[in-house]
Amino acid sequence: MLIGRVIGELVATHKHPSHEGSKILFVQPLNLDGSDRGDAVVALDAVDAGVGDRVLVTTEGFSAMTAVGRTQSPIDMAVIGFIDHVELVSGVA
Amino acid sequence: MQLGRVVGCVWATVKNPSLEGYRLLLVQPLASDLRDTGKRLVCTDWTGAGAGEMVYWVRGREASIAFLPGQPPSDATIVGIVDSVHRAAAKTSKPARQPAERH
(Lines give C-alpha, C1' and ligand atoms only; values in the text may rest on other atoms or scores of the structure.)
Protein backbone atom coordinates (compact mmCIF):
# COMPACT_ATOMS: atom_id res chain seq x y z
CA MET A 1 0.00 0.00 0.00
CA LEU A 2 1.04 3.61 -0.50
CA ILE A 3 0.67 6.79 1.48
CA GLY A 4 -0.57 9.60 -0.73
CA ARG A 5 -2.36 12.91 -0.84
CA VAL A 6 -5.57 13.47 -2.75
CA ILE A 7 -4.80 16.30 -5.16
CA GLY A 8 -7.89 16.22 -7.33
CA GLU A 9 -10.98 14.49 -8.65
CA LEU A 10 -11.62 13.20 -12.14
CA VAL A 11 -14.87 13.67 -14.01
CA ALA A 12 -15.48 10.89 -16.51
CA THR A 13 -18.86 10.56 -18.17
CA HIS A 14 -17.97 7.53 -20.23
CA LYS A 15 -16.37 4.88 -18.06
CA HIS A 16 -16.65 1.25 -17.17
CA PRO A 17 -20.02 0.56 -15.46
CA SER A 18 -18.25 -0.83 -12.39
CA HIS A 19 -16.82 2.66 -11.75
CA GLU A 20 -20.24 4.35 -11.68
CA GLY A 21 -21.19 5.88 -8.36
CA SER A 22 -17.66 6.09 -6.95
CA LYS A 23 -15.47 9.15 -6.76
CA ILE A 24 -12.41 8.88 -8.96
CA LEU A 25 -9.54 10.45 -7.06
CA PHE A 26 -6.23 11.77 -8.34
CA VAL A 27 -3.65 10.83 -5.72
CA GLN A 28 -0.02 11.89 -5.44
CA PRO A 29 2.07 9.22 -3.66
CA LEU A 30 4.25 10.67 -0.90
CA ASN A 31 7.52 9.90 0.78
CA LEU A 32 7.55 9.80 4.56
CA ASP A 33 8.88 13.39 4.65
CA GLY A 34 5.83 14.51 2.69
CA SER A 35 7.60 15.08 -0.61
CA ASP A 36 6.18 13.73 -3.87
CA ARG A 37 7.12 10.17 -4.76
CA GLY A 38 6.75 9.35 -8.44
CA ASP A 39 3.78 10.19 -10.63
CA ALA A 40 0.21 10.71 -9.51
CA VAL A 41 -2.19 7.79 -9.79
CA VAL A 42 -5.93 7.41 -10.27
CA ALA A 43 -7.79 5.49 -7.56
CA LEU A 44 -11.43 4.78 -6.77
CA ASP A 45 -12.68 6.06 -3.45
CA ALA A 46 -13.77 3.58 -0.76
CA VAL A 47 -13.76 5.86 2.29
CA ASP A 48 -15.26 9.20 1.14
CA ALA A 49 -11.93 10.99 0.91
CA GLY A 50 -11.56 14.50 -0.49
CA VAL A 51 -8.97 16.85 -1.89
CA GLY A 52 -6.19 17.52 0.62
CA ASP A 53 -6.62 14.33 2.63
CA ARG A 54 -3.62 12.12 3.36
CA VAL A 55 -4.74 8.63 2.53
CA LEU A 56 -3.79 4.98 2.30
CA VAL A 57 -3.94 3.58 -1.24
CA THR A 58 -3.96 -0.08 -2.16
CA THR A 59 -2.27 -0.79 -5.47
CA GLU A 60 -3.39 -4.32 -6.17
CA GLY A 61 -6.50 -5.51 -7.92
CA PHE A 62 -8.16 -7.91 -5.51
CA SER A 63 -7.93 -5.65 -2.48
CA ALA A 64 -9.03 -2.63 -4.49
CA MET A 65 -12.07 -4.43 -5.90
CA THR A 66 -13.00 -5.79 -2.49
CA ALA A 67 -12.68 -2.35 -0.88
CA VAL A 68 -14.99 -0.77 -3.43
CA GLY A 69 -17.31 -3.76 -3.16
CA ARG A 70 -17.16 -4.73 -6.81
CA THR A 71 -15.40 -7.96 -7.53
CA GLN A 72 -14.66 -8.92 -11.11
CA SER A 73 -14.24 -5.31 -12.20
CA PRO A 74 -11.28 -3.47 -13.73
CA ILE A 75 -10.08 -1.64 -10.61
CA ASP A 76 -6.42 -1.79 -9.58
CA MET A 77 -6.19 1.06 -7.07
CA ALA A 78 -8.47 2.26 -4.31
CA VAL A 79 -8.28 4.72 -1.44
CA ILE A 80 -8.95 2.57 1.61
CA GLY A 81 -8.14 4.77 4.60
CA PHE A 82 -7.07 8.09 6.07
CA ILE A 83 -3.59 8.47 7.53
CA ASP A 84 -3.76 10.24 10.86
CA HIS A 85 -0.21 9.76 12.01
CA VAL A 86 2.97 7.92 11.07
CA GLU A 87 5.55 7.19 13.72
CA LEU A 88 9.06 6.10 12.84
CA VAL A 89 10.84 4.18 15.56
CA SER A 90 14.25 5.71 16.08
CA GLY A 91 17.16 3.34 15.73
CA VAL A 92 15.15 0.97 13.53
CA ALA A 93 13.89 3.11 10.65
CA MET B 1 -5.14 3.33 -12.50
CA GLN B 2 -3.16 6.06 -14.23
CA LEU B 3 -3.98 9.12 -16.24
CA GLY B 4 -2.99 9.23 -19.90
CA ARG B 5 -3.60 10.75 -23.28
CA VAL B 6 -4.32 8.80 -26.47
CA VAL B 7 -1.59 9.61 -28.97
CA GLY B 8 -2.18 6.99 -31.65
CA CYS B 9 -3.64 3.72 -32.87
CA VAL B 10 -1.88 0.40 -33.28
CA TRP B 11 -2.76 -2.11 -35.98
CA ALA B 12 -1.66 -5.71 -35.68
CA THR B 13 -2.85 -7.96 -38.46
CA VAL B 14 -1.33 -11.10 -37.06
CA LYS B 15 -2.00 -11.52 -33.34
CA ASN B 16 -3.22 -13.93 -30.75
CA PRO B 17 -6.76 -15.01 -31.78
CA SER B 18 -8.20 -13.92 -28.43
CA LEU B 19 -7.09 -10.35 -29.20
CA GLU B 20 -9.25 -10.23 -32.34
CA GLY B 21 -11.79 -7.44 -32.27
CA TYR B 22 -10.12 -5.34 -29.60
CA ARG B 23 -8.86 -1.84 -30.37
CA LEU B 24 -5.24 -1.15 -29.52
CA LEU B 25 -4.30 2.45 -28.70
CA LEU B 26 -1.02 4.14 -27.93
CA VAL B 27 -1.18 6.00 -24.62
CA GLN B 28 1.13 8.64 -23.16
CA PRO B 29 1.02 8.59 -19.32
CA LEU B 30 0.47 12.00 -17.66
CA ALA B 31 1.86 13.42 -14.43
CA SER B 32 -0.02 15.36 -11.77
CA ASP B 33 0.48 18.62 -13.68
CA LEU B 34 -0.97 16.85 -16.76
CA ARG B 35 2.35 16.95 -18.56
CA ASP B 36 3.77 13.91 -20.33
CA THR B 37 5.69 11.52 -18.15
CA GLY B 38 7.33 8.16 -18.72
CA LYS B 39 7.18 5.95 -21.77
CA ARG B 40 4.23 5.43 -24.06
CA LEU B 41 2.48 2.08 -23.98
CA VAL B 42 -0.10 0.10 -25.92
CA CYS B 43 -3.50 -0.36 -24.26
CA THR B 44 -6.57 -2.29 -25.28
CA ASP B 45 -9.54 0.05 -25.30
CA TRP B 46 -12.86 -0.51 -23.56
CA THR B 47 -14.21 3.03 -24.09
CA GLY B 48 -13.90 3.87 -27.77
CA ALA B 49 -11.58 6.79 -27.04
CA GLY B 50 -10.11 8.82 -29.88
CA ALA B 51 -6.77 10.50 -30.51
CA GLY B 52 -6.00 13.38 -28.15
CA GLU B 53 -8.52 12.38 -25.51
CA MET B 54 -7.54 12.19 -21.87
CA VAL B 55 -8.25 8.76 -20.43
CA TYR B 56 -7.49 6.62 -17.43
CA TRP B 57 -6.25 3.09 -17.72
CA VAL B 58 -5.93 0.05 -15.54
CA ARG B 59 -3.01 -2.33 -15.56
CA GLY B 60 -2.34 -5.94 -14.68
CA ARG B 61 -4.83 -8.79 -14.46
CA GLU B 62 -7.66 -6.27 -14.12
CA ALA B 63 -7.01 -5.05 -17.65
CA SER B 64 -8.49 -8.27 -18.96
CA ILE B 65 -11.40 -8.24 -16.50
CA ALA B 66 -12.82 -5.10 -18.15
CA PHE B 67 -13.91 -7.18 -21.13
CA LEU B 68 -15.65 -10.03 -19.30
CA PRO B 69 -16.88 -12.49 -20.45
CA GLY B 70 -14.15 -11.95 -23.06
CA GLN B 71 -10.63 -12.50 -21.78
CA PRO B 72 -8.10 -10.85 -24.08
CA PRO B 73 -4.44 -11.32 -23.09
CA SER B 74 -4.01 -7.66 -22.18
CA ASP B 75 -2.12 -6.03 -19.29
CA ALA B 76 -3.29 -2.44 -19.86
CA THR B 77 -6.81 -1.29 -20.72
CA ILE B 78 -8.40 2.14 -21.07
CA VAL B 79 -11.50 2.06 -18.85
CA GLY B 80 -12.68 5.69 -18.84
CA ILE B 81 -12.59 8.92 -20.83
CA VAL B 82 -11.73 11.88 -18.59
CA ASP B 83 -13.82 15.01 -19.17
CA SER B 84 -11.98 17.14 -16.65
CA VAL B 85 -9.63 17.01 -13.69
CA HIS B 86 -10.49 19.16 -10.69
CA ARG B 87 -7.26 19.79 -8.88
CA ALA B 88 -6.55 21.53 -5.62
CA ALA B 89 -5.34 25.10 -6.05
CA ALA B 90 -2.29 24.45 -3.90
CA LYS B 91 -0.79 21.42 -2.26
CA THR B 92 -1.43 22.67 1.23
CA SER B 93 -2.08 20.21 3.96
CA LYS B 94 -5.50 20.16 5.49
CA PRO B 95 -6.18 19.10 9.07
CA ALA B 96 -7.03 15.41 9.30
CA ARG B 97 -10.75 14.75 9.41
CA GLN B 98 -12.30 13.64 12.62
CA PRO B 99 -13.57 10.05 12.52
CA ALA B 100 -17.07 11.28 13.41
CA GLU B 101 -17.34 12.94 10.00
CA ARG B 102 -16.91 9.67 8.22
CA HIS B 103 -19.28 6.79 7.97
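Right above here is the structure, for reference.
Read on for an overview of the structure.

Rules used throughout
- Residues numbered from 1 in each chain as written.
- Chains lettered and ligands numbered in written order.
- Predicted model: local features only at pLDDT ≥ 70, side-chain atom pairs only at ≥ 80, totals over all residues.
- Helix = DSSP H or I, 4+ residues; strand = E, 2+ residues; numbered from the N terminus.
- Rg over C-alpha atoms; globule rule 2.2 N^0.38 Å.
- Buried ≥ 20, exposed ≤ 12 C-beta atoms within 10 Å, placed from the backbone.
- Contact = placed C-beta atoms within 7 Å.
- Nonpolar A, V, L, I, M, F, W, Y, C, P; charged D, E, K, R; others polar.

### Describing the overall build of chain A
Secondary structure assignment for chain A yields 1 helix and 6 strands. Reading the helices (α) and strands (β) of chain A from amino to carboxyl end gives β-β-β-β-β-α-β. At 14 Å, chain A has a C-alpha radius of gyration in line with the 12 Å of a compact globule built from 93 residues. For chain A, the C-alpha atoms occupy an extent of roughly 50 × 25 × 20 Å along the three principal directions. Relative to its full complement of 93 residues, chain A shows a buried share of 46%. Considering only contacts in chain A between residues 6 or more positions apart, those separated by 24 or more positions represent 54%.

### Regarding the interface of chain A and chain B
Taken together, the contacts link 32 residues of chain A with 38 residues of chain B. At the level of secondary structure, the elements contributing two or more residues to the side of chain A that touches chain B comprise β1 (2–11), β2 (14–15), β3 (24–29) and β4 (41–45) of chain A. Of all the elements, β1 of chain A adds the most residues to the side of chain A that touches chain B, at 5 residues. Of the residues contributing to the side of chain A that touches chain B, the split by class is 15 nonpolar, 10 polar and 7 charged.

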